[in-house]
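A look at the structure
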Amino acid sequence: MRTMIIAGNWKMYKDVAETRDLITALKAAVPSVPAGVESIICPPFTSLALAGELLKGSAFQLGGQNMSQHDEGAYTGEVSGKMLKAVGCDAVILGHSERRQYYGETNELVNLKARKALALGLRPIICVGETLEEREKDITAQVITTQVKGVLSGLTPQDMAKVVIAYEPVWAIGTGKVASPAQAQEVHQLIRKQVAGQYDWALAEKLTIQYGGSVKPDNAAEILAQNDVDGALVGGACLKADSFAAIIKAARP
Ligand code: PEP
């Protein structure tokens, strides 16, 4: 049975005071997660240390939203994986479409970051997804296959035991448009098949593949019920404790 993972990407929302309020509310709303389900919250860098303290002993794990591919050095504005670990992070989101779109991140760079995260014992949540233009040109499968190949390049089967892939169609992120359950299932199945080709079916069957793109309490159960959908990466709906809690409750392993 695959682990279902519900992760919340806070993006550039919530200062330190707001972080305290949201985490306090989340802990009250979600005292425990169902067996076989994990939940990770990913606040901005400035809130991670506080979040790490507040989440100790809670049902939630902690993740960063990005990290450097370097260990340390003169890289102004960057944060290393070691720094994420030091404030209690278990995971890190890599290659989010906003990083790809606004900061020029490529599959090659995401791959370097994933290797670094794994070397440090952080679980990489690696995002892939097609744009609206690519879907309309009917090249979704080609785009996803290229991304999956690129971001996983050189990762060992042992590495893959920690990797999570998040399928996030770019046209569904923050737009209120959600992929239909059938559209999500189709791409998730494709990703699993691609991973089976690169490794083997036993490994691919164990891989957690999250869906992301306008997941809300009212559509979560239907998407999460798809055979190859093993969780959600949630943006907007994770900023309120009650809606994130409702999505976690909709998850069943
Ligand atoms: C995201 O940022 O990863 C995301 C899926 O956002 P939203 O849920 O707001 O579409």
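A few points on the structure. Just so it is clear, the structure is predicted and the values come from calculations on it, not from any experiment. (Residues numbered from 1 in each chain as written. Predicted model: local features only at pLDDT ≥ 70, side-chain atom pairs only at ≥ 80, totals over all residues. Heavy atoms only, no water.)

Some words on the packing of aromatic side chains
Keep this limit in mind: The rule is short: rings of Phe, Tyr and Trp, with Trp giving its six-membered ring, pair when the centres are within 6.5 Å, and they are stacked under 30 degrees, edge-to-face over 60, tilted in between. By definition, being over a ring means that NZ of Lys or CZ of Arg is both within 6 Å of the ring centre and within 35 degrees of the ring normal.
The tally for this structure, following the rule as stated, stands at two aromatic pairs. The ring centre of Tyr103 lies 4.1 Å from the NZ or CZ of Arg99, which sits over that ring.

Thoughts on the nonpolar core
Applicable threshold: To form a nonpolar core, buried Ala, Val, Leu, Ile, Met, Phe, Trp, Tyr and Cys residues must be joined to one another through side-chain atoms within 4.5 Å. Each residue gets one of three labels from its accessible area relative to the maximum for its type: buried under 20%, exposed over 50%, partly exposed in between, using a 1.4 Å probe on protein chains only. A contact between two residues is defined here by any heavy atoms of the two lying within 4.5 Å.
With 69 residues, the main nonpolar core has Ile6, Leu152, Ile191 and Val195 as its most contacted residues. Once residues lying within four places of it in the same chain are set aside, the contact partners of Leu152 are Asn111, Ile126, Met160, Val163, Ile165, Val195, Gln198 and Tyr199. Of all hydrophobic cores here, the second largest spans 11 residues; its members include Ile40, Ala91, Ile125 and Cys127.

Quick word on the site of the ligand
Condition: Throughout, near means a residue has at least one heavy atom within 4 Å of the molecule or strand. For this analysis, a polar contact is any N or O atom pair within 3.5 Å, provided that within protein one partner can donate a hydrogen and the other can accept it, and provided that sequence-adjacent residues contribute only side-chain to side-chain pairs. Note that accessible areas follow from Shrake-Rupley with a 1.4 Å probe, and for residues the cover is restricted to the protein chains shown. Classification used: nonpolar for Ala, Val, Leu, Ile, Met, Phe, Trp, Tyr, Cys and Pro, charged for Asp, Glu, Lys and Arg, polar for all others including Gly.
Taken together, the neighbourhood of the ligand is formed by 14 residues, with Lys11, Glu168, Gly174, Ser214 and Gly235 sitting nearest. The separation between an oxygen atom of the ligand and a polar side-chain atom of Glu168 is 2.7 Å. For the ligand, an oxygen atom lies 2.8 Å from a polar atom in the backbone of Gly235. A total of 290 Å² of accessible area belongs to the ligand in isolation, and the protein chains cover 97% of it. Taken together, the residues of the shell around the ligand break down into four nonpolar, eight polar and two charged.

Observations regarding the sheet that holds strand 8 (residues 231-234)
In any sheet, the strands associate via hydrogen bonds between backbone groups, in a parallel or an antiparallel arrangement. Convention followed: Two strands pair under a simple rule: DSSP has to find at least two bridges between them. Helix and strand assignments follow DSSP, with helices taken as H or I runs no shorter than four residues and strands as E runs no shorter than two, numbered in order from the N terminus. Axes here mean lines fitted to C-alpha atoms, for a helix over just the part in contact, with angles spanning 0 to 180 degrees between N-to-C directions.
Taken in spatial order, the eight strands close into a barrel running 1-2-3-4-5-6-7-8, and their pairing is parallel. Averaged over neighbouring strand pairs, the angle between their axes works out to 25° when direction is ignored. Across four bridges, strand 6 (residues 164-167) lies against strand 7 (residues 208-212) in parallel orientation. Within strand 7, the position partnered with Val164 by the bridge is Thr208.

Quick notes on the packing of helix 5 (residues 107-119) against helix 7 (residues 140-152)
For clarity, the cut-off: Note on angle classes: values under 35 degrees are labelled roughly parallel, values over 145 roughly antiparallel, values of 65 to 115 roughly perpendicular, and the remainder oblique. In this scheme the crossing of two helices becomes right-handed for a clockwise turn of the near helix relative to the far one and left-handed for an anticlockwise turn of less than a right angle.
Between helix 5 and helix 7, the least distance of the axes is 7 Å, while the angle of their chain directions is 40°. Taken together, the axes of helix 5 and helix 7 lie oblique to each other. The interaxial crossing formed by helix 5 with helix 7 has right-handed handedness. Seen from helix 5, the contacting residues are Asn107, Val110 and Asn111; seen from helix 7, they are Thr146, Gln147, Gly150, Val151 and Leu152.

Observations concerning the environment of Tyr102
Following the sequence through the fold, Tyr102 ends up in helix 4 (residues 97-103). Judged by its relative accessible area of 57%, Tyr102 is exposed. In this structure, the C-alpha to C-alpha distance between Tyr102 and Cys127, residues 25 residues apart in sequence, is 15 Å.

As for unusual backbone geometry
If you check the backbone angles, Lys11 has positive phi at about 50° while not being a glycine. Examined against the element boundaries, Lys11 turns out to sit in the loop between strand 1 (4-9) and helix 1 (16-29). For Lys11, a relative accessible area of 18% corresponds to the buried category. At Asp138, a residue that is not glycine, the phi angle is positive and equals roughly 65°.

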